[in-house]
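# Fold and contact review
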Protein chains: 4
Amino acid sequence: GSPLVLIAGPCVIEDEERTRDIALYLKKLTDEMDIPFIFKASYDKANRTSGKAYRGPGLERGIEILKAIKGDLGIPILSDVHSREEIEKAAEILDVVQIPAFLCRQTDLVREVARLARAVNIKKGQFLAPWDVRNIIEKVLSEGNERILVTERGTSFGYNNLVVDFRSLPLLRREGYPVIFDATHSVQLPGGQGTASGGQREMVPCLMRAAAAVGIDGLFLEVHPDPEKALCDGPNSLYLDALPELLSTVKSIDRLVKNRADGIF
Amino acid sequence: GSPLVLIAGPCVIEDEERTRDIALYLKKLTDEMDIPFIFKASYDKANRTSGKAYRGPGLERGIEILKAIKGDLGIPILSDVHSREEIEKAAEILDVVQIPAFLCRQTDLVREVARLARAVNIKKGQFLAPWDVRNIIEKVLSEGNERILVTERGTSFGYNNLVVDFRSLPLLRREGYPVIFDATHSVQLPGGQGTASGGQREMVPCLMRAAAAVGIDGLFLEVHPDPEKALCDGPNSLYLDALPELLSTVKSIDRLVKNRADGIF
Amino acid sequence: GSPLVLIAGPCVIEDEERTRDIALYLKKLTDEMDIPFIFKASYDKANRTSGKAYRGPGLERGIEILKAIKGDLGIPILSDVHSREEIEKAAEILDVVQIPAFLCRQTDLVREVARLARAVNIKKGQFLAPWDVRNIIEKVLSEGNERILVTERGTSFGYNNLVVDFRSLPLLRREGYPVIFDATHSVQLPGGQGTASGGQREMVPCLMRAAAAVGIDGLFLEVHPDPEKALCDGPNSLYLDALPELLSTVKSIDRLVKNRADGIF
Amino acid sequence: GSPLVLIAGPCVIEDEERTRDIALYLKKLTDEMDIPFIFKASYDKANRTSGKAYRGPGLERGIEILKAIKGDLGIPILSDVHSREEIEKAAEILDVVQIPAFLCRQTDLVREVARLARAVNIKKGQFLAPWDVRNIIEKVLSEGNERILVTERGTSFGYNNLVVDFRSLPLLRREGYPVIFDATHSVQLPGGQGTASGGQREMVPCLMRAAAAVGIDGLFLEVHPDPEKALCDGPNSLYLDALPELLSTVKSIDRLVKNRADGIF
């Protein structure tokens, strides 16, 4: 198996400088650690629990910021889209266009992303079984796009809670496309703070290690220099400065597992 | 409490004549039974399990058909929208614009519907707790629209299965808006047939009666003259000719419960 | 269908006088309302969340109390057993011996109860699917006992929560034995108070009505003159004096539903 | 952290020779691999799905066999008990007495095991939240026994399915006692074959690796030389000859994780 890819960045673009600082930090760190890296940041959070929550700079300004960062740092960029009219503009600059989990069943959105994006990251809905993702993959393939990633981010488990069923990782891999584990959204407690989602940041390291041990192609993490002050998803974001140690462990597990002959890959 | 309202119709507009026939049948039946009636039909099924499934006539033709039926029969009409650009056209003719369950967390869609629609039906996502609906209601209210319906349609329960937690009905009613029970989508087995959702039509009557006994403001049913040949959601649609008896029972339970003094309403 | 039976009483025998008072109250009420009645009280709560919780007077003293009440009031009695050695003594006096939900998979216990008890009430485990109960029924039948009741009391739904899947009631009825709905244990929040289970008493009336509307043979309720001071399961027990009104509604729904011809029974 | 312990053996004692062969194989393997080992075999399966299933040789003969194997091979032995009267006899010879998951809430059984057993393995019920185990630990401690193991074996997830919530492992470890991951029961599909539980043997290796990566004190595995012919739990038992490679991977992950400084242990 190929070594683990890291998809990481802040939940949302808070401002250009901070976003660039995070991207630069992550680029340096992954260069040093020899980890393939894709920078992730959202220009719009269209599905916040509360209508009053911060959403980001919007499509125009957000894409401008991501373009500048991409040009300056020479890193691939991933972001998510929420309606068909955003896709053309977003796909121009993005290396990977992401289908949000809540929107993974919207046929038109999926097809238009498939048609216009270089690569597509399908986030598995919290309401889907692993095998249900095949139908979404088919929708992407029907547009002739085979550059597909599939991301696990937890499944509804009672109210205001998610559980990661790690059996899903090998089941998803059987479809033949790289499987990413989104460790920070998987510890969300949806709606768990009344007007915002809670999160269990302390559980992210465990689940990252578990996923690497099961066998994944990539890891998705939301990070922030100061998650307590983050404008979005702070409770489940990782501290930037915790990354070197966490990634080092995960990378070791990934290497160990992919070097074994017992039928994982 | 006011007597139960019925929202019913085919899952999708198959053709004008068949759709009109269903509407006419339902209008006559509900007139005879003295049940307030809203006709429901979708012009586009944007989130079918498979990309190959029938989706409907589309916005333009669909709204034209619904407008003609509305004009001829003089009945209020409900349909669902899936993207912002549909809303203006749809809201012109529709009496109630419905937010689909998978889309209930999309802030822009919810707000635009709230801004343009006469009345809004919020379908509770399969991934939401009853109390999470408050945040969606707030998004609608923030646009100055107070004509809100909230619809229960089941909650994710393991894989390819839904469960109706009937505690949700009184919890939702506490928010102060009419609560509808969608009995036919509640028996879906999402993705349960591989490339389509299965359904347990035989469970609809039980769940309808249960909801009426708990206490609801309205009942939502998908019906078809021949569900085995329906182009969408056949396995969970009711046979049209089963309706008179089923509605009669439900109406009796509704009346019985709403006449009691034991604190239901 | 036959009219609804009521199985009711306190969670646990607190003392003889209080237990007798409750039994007397229930006997009078059900006589007046013409509802067949079985008195329920446990002599030992062997599976309390905490080891420090009150458990009851124990087998010897408890059976003595139940025998006296049975003799004086002439009412049938149901209680639960927790180990094989209790069964012989308990079965002498009890009309129905109940298998607790946590113990429903213990083959020896089930068989010994089947062998010795006049009638057996199988509580469906919180961890079972409705169709799994068939295997337990087979174990009872294998001892030649066909006087079987099956009781629904909710299913695990995430952590510290239960949900009632009302589809289970018709599924259980298909097995051919009377189906009881335990409305008060169904609203437990298992372990939800740290060292005790919480409960949602306010949800009992809704669920009772729902079950009657779906169609059941009997209703199981734990009641107490002052649930706030009850030594066991207070949070989900009903106030005794709320019963007349609640039962009257449920009885009306039961009668209405059983008189319909639409295929319920 | 101390190196991983292995608890392994057949689901049930089929006959003395086969059981001894398995124990010998496991002893040799774990000696070579320098893995601390406890042999596991049940003398009675008291909670089989069907009453017709094979249960084992029973207490008397079973304990005799285990005693002989223990004497000959000099290995510690774990087995489970199902009623109070078995405990004294079983505890004489067993090094660890196990509380079955379905019985973990039975206060008398837990206390009597605590009183008589050298060490107690609490299997977490499929219906419990991780934090609910504290109350069971308290019941054991109340008898003065502090030699406690806690075993995760999956949680009810919809019908006929379990999910392992790997967040439970660090939560359970906070209680201060060694945490074991039962990889083979965690892939059971309870009641999934109608009259027997199904299982997903192919998922065991993934979940073993995940658990080792999260951080555990021990691993529990049911093994058989020919699982397709096993008299109990074949579908989720591992082939004996798959063990060397699987354990080698898990041991490497365990060592890697326990040598890291990032706050796992």
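The present account deals with the structure reproduced in this document. (Residues numbered from 1 in each chain as written. Chains lettered and ligands numbered in written order. Predicted model: local features only at pLDDT ≥ 70, side-chain atom pairs only at ≥ 80, totals over all residues. Heavy atoms only, no water.)

### Notes on the interface of chain B and chain A
Think of interface size as the accessible area that goes away when the parts come together; that is how it is often given. On the chain A side, the residues contacting the 35 residues of chain B number 35 residues. The tally of links between chain B and chain A comes to 2 salt bridges. Across the chain B-chain A interface, the total number found is 17 residue pairs in polar contact (both at pLDDT 80 or more). Elements with a minimum of two residues in the side of chain B that touches chain A: α4 (107–116), α5 (133–141) and β7 (155–156) of chain B. For the side of chain B that touches chain A, the element with the most residues is α4(B), which contributes 3 residues. Classifying every residue of the side of chain B that touches chain A gives 10 nonpolar, 13 polar and 12 charged. (Contact = heavy atoms within 4.5 Å. Salt bridge = Lys/Arg side-chain N within 4 Å of Asp/Glu carboxyl O. Polar contact = N/O pair within 3.5 Å; in protein donor to acceptor, adjacent residues only side chain to side chain. Helix = DSSP H or I, 4+ residues; strand = E, 2+ residues; numbered from the N terminus. Nonpolar A, V, L, I, M, F, W, Y, C, P; charged D, E, K, R; others polar.)

### A short note on the pairing of strand β9 (residues 179–182) of chain B
Residue and element names in this part refer to chain B. With burial as the criterion, each face of β9 is covered, one bearing Val179 and Phe181 and the other bearing Ile180 and Asp182. Looking at chain direction, strand β6 (residues 148–152) and β9 are connected through 3 bridges and run parallel. By the bridge assignment, glutamate 152 is partnered in β9 with phenylalanine 181. (Buried < 20%, exposed > 50% of the residue type's maximum accessible area, 1.4 Å probe, protein only. Pairing = 2+ DSSP bridges.)

### Quick word on the relation of the copies chain B and chain A
Mapping between the two chain copies consists of a rotation about an axis together with a translation along that axis. The two copies are related by a screw motion: chain B maps onto chain A through a turn of 180° and a shift of 0.0 Å along the axis, at an RMSD of 0.0 Å. Taken together, the rotation angle and the small translation identify this as a two-fold axis. A symmetric contact is evident, with 100% of the interface residues of chain B recurring at the interface of chain A. (Least-squares fit on C-alpha atoms with pLDDT ≥ 70 in both.)

### A few points about the relation of the copies chain C and chain A
Between chain C and chain A, which share one sequence, the superposing operator has a rotation angle of 180° and an axial displacement of 0.0 Å; the RMSD is 0.0 Å. Of all interface residues in chain C, 100% are interface residues in chain A too; the two copies therefore contact each other through one and the same surface.

### So, the side chain of Glu175(C)
All names here are of chain C. By secondary structure assignment, the location of glutamate 175 is in the loop between α6 (168–173) and β9 (179–182). You can call glutamate 175 buried: its relative accessible area is 18%. If we ignore the near neighbours within four places in the chain, the residues touching glutamate 175 are Arg134 and Ile137.

### Section: the pairing of strand β5 (residues 119–123) of chain A
All names here are of chain A. Among the 5 residues that make up β5, 5 are buried, leaving the element largely enclosed by the rest of the structure. Here β5 shows no split at all, with Ala119, Asn121 and Lys123 on one side and Val120 and Ile122 on the other all buried. One crossover worth recording links strand β4 (residues 96–99) to the parallel β5 by way of helix α4 (residues 107–116), and it is right-handed. For β5 and strand β6 (residues 148–152), the ladder comprises 4 bridges, and the chain directions are parallel. (Right-handed = clockwise from strand over helix to strand, strands pointing away.)

Keep in mind that these numbers describe shape and distance, not what the molecule does.
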